[in-house]
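Working through the structure, step by step
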Amino acid sequence: MEQINNLQVVPCTDSNYLKPFRVHYSQNGTKKYWDFMRTHDSVSVLIFNTTSHCFVLVKQFRPAVYMCEWERSKPKPPEPAEQPEGAEGAEAGVAAQPEASEAGEGGSDGGEKAGEDAAAAAAPGQPPVSAGVTYELCAGLVDKPNLTLEEIARQEVLEECGYDVPVTKLRKITSYRSGVGVTGAKQTMFYAEVSEENRVGEGGGQPQEGELIEVVKVPLHEAMSFAYDERIPKTMGVIFSFIWFQSNMSPKYKISTNV
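None of the values given here were measured: they were computed from a predicted structure.

**Regarding unusual backbone geometry**
Negative phi values dominate among residues other than glycine, just as trans dominates among peptide bonds. Within the chain, N28 stands out as a residue other than glycine whose phi angle is a positive 55°. By the element assignment, N28 lies in the loop between β1 (19-27) and β2 (30-38). Note on N28: relative accessible area 80%, which makes it exposed. Residues other than glycine seldom take positive phi values, yet H53 does so here, at roughly 50°. In this structure, H53 sits in the loop between β3 (42-49) and β4 (54-61). The partly exposed category is assigned to H53, whose relative accessible area is 25%.

**Quick word on the packing of aromatic side chains**
Think of a pair of aromatic rings as described by two things: how far the centres are apart, and how the planes are tilted against each other in angle. Following the criterion strictly, the structure yields eleven aromatic pairs and no others. When the centroid spacing of 6.2 Å and the interplanar angle of 50° are considered together, the rings of F226 and F242 count as tilted. Placement of F226 in helix α5 (residues 223-228) and of F242 in helix α6 (residues 236-248) is noted, with a sequence separation of 16 residues between them. Each member of the pair, F226 as well as F242, carries the same accessibility label: buried. Through a chain of ring-to-ring contacts, the aromatic side chains of F48, F55, Y135, Y191, F226, F242, W244 and F245 assemble into a single cluster. We note R38 situated over the ring of F21; from NZ or CZ to the ring centre the distance is 4.5 Å.

Definitions and limits used
Residues numbered from 1 in each chain as written. Predicted model: local features only at pLDDT ≥ 70, side-chain atom pairs only at ≥ 80, totals over all residues. Heavy atoms only, no water. Helix = DSSP H or I, 4+ residues; strand = E, 2+ residues; numbered from the N terminus. Buried < 20%, exposed > 50% of the residue type's maximum accessible area, 1.4 Å probe, protein only. Phe/Tyr/Trp six-rings, centres within 6.5 Å; stacked < 30°, edge-to-face > 60°. Lys NZ or Arg CZ within 6 Å of the ring centre and 35° of its normal.

Rendered as structure tokens:
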């Protein structure tokens, strides 16, 4: 898809999208606390192209997914070997030196070079970019208070997938809570039918906002196989919406979407 390099993980001290909090409360007389994130609600849209009988999804690199895969792929540190008495101090002194070097804490002249060397050495162990790429419904944040949910959904379909869909053609499927243990945000899902006549652009999102999106089509007759194929990384919204379509819309097109 694209090259991912120069990865750095740093503390997040300020964000326009996530704000961490801790809430203290009592439940049945027991004092408790819970850490959570405040974030925006969102909308998503299941898009079905009636001309080609395909679902229109988006495919993009998700850093959070990639970092989870990277953590999962890291080898577990070996168990420390038993050492004879008196050898621990000398061994510890030797082991401390490379750790300082890897952290870029050498001298001011060599710190940057050491960091580059460490990054280069770590590169072969990085997961492939595909480990962070997911298939998703067209979606966006509810961060425009002057627009309705339908208007935000319409805007996202236009920007990400290139289809101009009238607000009146958006059908609400349902709304639900996501990330209930961390954010509790609400997502509202819509359904939209499009045709090639509605296509006014290539989509791809807004690069100036950091979006790099690939538009993908999934044929109707392959939808359920796609949904249940665990080798294809996808969101729960894709799976649920395909099942919803099978139950509510498939009879209209007289095409089986069974696995």
